[in-house]
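Residues per chain, in single letters:
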Amino acid sequence: MTADATLYTKRRPDLPGKAPGVVGVRMGTRHLLYTLQCEQCFTTEEPEHLVLMTIHFHARSRDGANPRLCRDCRLAANPGCICDGCRDDAISQRRERAQ
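What you are looking at is a predicted structure, and each value in this text was computed from that prediction instead of being measured.

Visitor: Could you clarify how one ought to interpret the environment of Val23 in this entry?
Guide: Looking at the element boundaries, Val23 is found in strand β1 (residues 22-27). Setting aside its immediate chain neighbours within four residues, Val23 contacts Arg11, Arg12, Pro13, Asp14, Leu15, Thr35, Leu36 and Gln37.

See below:
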């Protein structure tokens, strides 16, 4: 699904002309692969298809700022949110911790 998460100690620069948090691009075997970075903990991922990304924007930004965040950072930044994305993320997080 996604490549192993890589940890960085600082924020990598966004690629010019791309959405915030897109920090790399390379040619895969059949199409471009994008590297996405969490703007809070700096974890990166390179999903095979962008629809599979886990580092993304929150659907309901409260304060107008809408950083690209990994699941754990997104849940911590939006406690008690009941949108579908947060609900699904919280369920997945609980399942992983139970294993």
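Visitor: Explanation requested: the side chain of Arg74 in the structure shown.
Guide: Considering the arrangement of structural elements, one finds Arg74 in helix α1 (residues 71-77). Here His56 takes part through its side chain, which lies 3.2 Å from a polar atom of the side chain of Arg74. Ignoring sequence-local partners within four residues, the contact set of Arg74 consists of Thr54, Ile55, His56, Phe57, His58, Leu69 and Asp89.

Visitor: Just checking my understanding: could you explain the nonpolar core for this structure?
Guide: Most often, soluble globular proteins keep nonpolar side chains buried together rather than apart. Ranked by size, the top nonpolar core spans eight residues in total: Val22, Tyr34, Leu36, Cys38, Ile55, Leu69, Cys70 and Cys73. Once you skip the residues sitting within four places of it in the chain, Cys38 turns out to touch Thr43, Ile55, Arg68, Leu69, Cys70 and Cys73. The next biggest cluster of nonpolar side chains, apart from the first, holds five residues, and it includes Leu75, Cys81, Cys86 and Ala90.

Visitor: Is there a simple way to explain unusual backbone geometry in this structure?
Guide: Note: most peptide bonds trans; most residues except glycine with negative phi. Backbone geometry places Phe42, a non-glycine residue, at a positive phi of 70°. Along the chain, Phe42 falls in the loop between β2 (32-37) and β3 (44-45).

Visitor: Would you mind showing me how to read the pairing of β1 here?
Guide: Consecutive residues of a regular strand have side chains that alternate between opposite faces of the sheet. In the sheet, β1 pairs with β2 via five bridges, with the strands oriented antiparallel. Residue pairing in the sheet places Val25 in a bridge with Tyr34 of β2. Once β1 ends, the chain turns through four residues before running back antiparallel as β2.

Visitor: When you look at the sheet that holds β1 in this model, what are you seeing that I'm missing?
Guide: Sheet strands associate in pairs through backbone hydrogen bonding, adopting either a parallel or an antiparallel arrangement. Overall, antiparallel pairing links the three strands, which are arranged β1-β2-β3 in an open sheet. Since the sheet does not close on itself, it has two edges, and those belong to β1 and β3, each with one partner.

Visitor: Looking at this structure, I do not really get the pattern of salt bridges. What am I missing?
Guide: Opposite charge on two side chains permits pairing when their charged atoms draw close. Evaluated as defined, the whole model comprises seven salt bridges. For Arg71, the salt bridge goes to Asp72, with nearest N and O atoms at 3.7 Å. Its relative accessible area of 17% is what places Arg71 among the buried residues. A residue is classified by how much of its surface remains accessible, and Asp72, at 40% relative accessible area, is partly exposed. Of the charged contacts in the structure, one is a salt bridge between Arg71 and Glu96, with a shortest N-O distance of 2.8 Å. Taken together, the residues span a long stretch of sequence, with Arg71 in helix α1 and Glu96 in helix α2 (residues 84-98) at a distance of 25 residues. We classify Glu96 as partly exposed; its relative accessible area is 49%. Each of Arg11, Asp14 and Glu39 takes part in a single network of salt bridges with overlapping partners.

Visitor: Can you walk me through a nonpolar patch on the surface in this structure?
Guide: On the surface, Val25, Met27 and Leu32 cluster together into a nonpolar patch covering about 280 Å² of accessible area. For Met27, the position within the fold is in strand β1.

Cut-offs and rules
Residues numbered from 1 in each chain as written. Predicted model: local features only at pLDDT ≥ 70, side-chain atom pairs only at ≥ 80, totals over all residues. Heavy atoms only, no water. Helix = DSSP H or I, 4+ residues; strand = E, 2+ residues; numbered from the N terminus. Contact = heavy atoms within 4.5 Å. Polar contact = N/O pair within 3.5 Å; in protein donor to acceptor, adjacent residues only side chain to side chain. Core = buried A, V, L, I, M, F, W, Y, C linked by side-chain atoms within 4.5 Å. Buried < 20%, exposed > 50% of the residue type's maximum accessible area, 1.4 Å probe, protein only. Pairing = 2+ DSSP bridges. Salt bridge = Lys/Arg side-chain N within 4 Å of Asp/Glu carboxyl O. Patch = residues over 30% accessible without salt bridge, like charges linked within 9 Å, V, L, I, M, F, W, Y side chains within 5 Å. Areas by Shrake-Rupley, 256 points an atom, 1.4 Å probe, with all protein chains shown as cover.

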